[in-house]
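# What the coordinates show
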Amino acid sequence: QVQLVESGGGLVQAGGSLRLSCVASVRPFSIYTMGWFRQAPGKAREFVASIRWGAANTYYADSEKGRFTISRDNAKNTVYLQMNSLKPEDTAVYYCAADRLGPGTQGMNEYDYWGQGTQVTVSS
């Protein structure tokens, strides 16, 4: 059974930083594009960032460019999301997702597996 387990969420003040981690049991991890999405209360789930398998090209939503950094460690089956200069509007449940041989698309339907999410709350 495939599992994606996120961690690293929490409560942080505006301007602070958090690093989210997601350990995935997909095999081999190296051929999965990994994505981060988030869902704020009352809003639709939205794309945050993704990192492709292979060349590890990265993609970001416009609102996250320059503040968030996605990375991966294939030896640890882990994808990370470093979030800096956090704003109250970044408050959401953050989900990681895996897409086998995926192109790094922002579309949620492209992803095969999802984690349960980790809560990020940014206070003003």
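The sections below set out a description of the structure shown in this document. (Residues numbered from 1 in each chain as written. Predicted model: local features only at pLDDT ≥ 70, side-chain atom pairs only at ≥ 80, totals over all residues. Heavy atoms only, no water.)

## A few points about the state of the cysteines
As used in these notes, a disulfide is a covalent bond between sulfur atoms, one from each of two cysteines. Under the definition given, this model contains 1 disulfide. Here Cys22 connects covalently by a disulfide to Cys96, the sulfurs 1.9 Å from one another. With Cys22 in strand E3 (residues 18–24) and Cys96 in strand E9 (residues 92–100), the pair connects residues that are 74 residues apart, well separated along the chain. Judged by its relative accessible area of 0%, Cys22 is buried. (Disulfide = S-S within 2.5 Å. Helix = DSSP H or I, 4+ residues; strand = E, 2+ residues; numbered from the N terminus. Buried < 20%, exposed > 50% of the residue type's maximum accessible area, 1.4 Å probe, protein only.)

## Here's the deal with the pattern of salt bridges
For the coordinates displayed, the defined rule picks out 6 salt bridges. Note that Glu46 is salt-bridged to Arg38, the shortest N-O span being 2.7 Å. The partner of Arg67 in a salt bridge is Glu64, with the nearest N and O atoms 3.7 Å apart. Through salt bridges with shared partners, a single network forms among Arg38, Glu46, Glu64, Arg67 and Asp90. (Salt bridge = Lys/Arg side-chain N within 4 Å of Asp/Glu carboxyl O.)

## Observations concerning the sheet that holds strand E7 (residues 68–73)
Pairing is antiparallel across the open sheet formed by 4 strands, whose spatial order is E1-E3-E8-E7. Only two strands of the sheet have a single partner each, and these edge strands are strand E1 (4–7) and E7. With strand direction ignored, the average angle separating the axes of adjacent strands in the sheet is 15 degrees. Where E3 lies against strand E8 (residues 78–83), 6 bridges are found, and the strand directions are antiparallel. When the bridges of E8 are listed, Cys22 appears paired with Val79. (Pairing = 2+ DSSP bridges. Axes fitted to C-alpha atoms, helices over the stretch in contact; angles between N-to-C directions.)

## Examining unusual backbone geometry
Cis geometry marks the peptide bond from Arg27 to Pro28; its omega dihedral reads -15 degrees. If you trace the backbone, Pro28 turns up in the loop between E3 and strand E4 (32–39). In this structure, Ala56 takes a positive phi of about 60 degrees despite not being glycine. By the secondary structure assignment, Ala56 is in the loop between strand E5 (46–51) and strand E6 (58–60). Positive phi, close to 55 degrees, is recorded for Asn77, a residue that is not glycine.

Remember, this is a structural readout, not a statement about activity or role.
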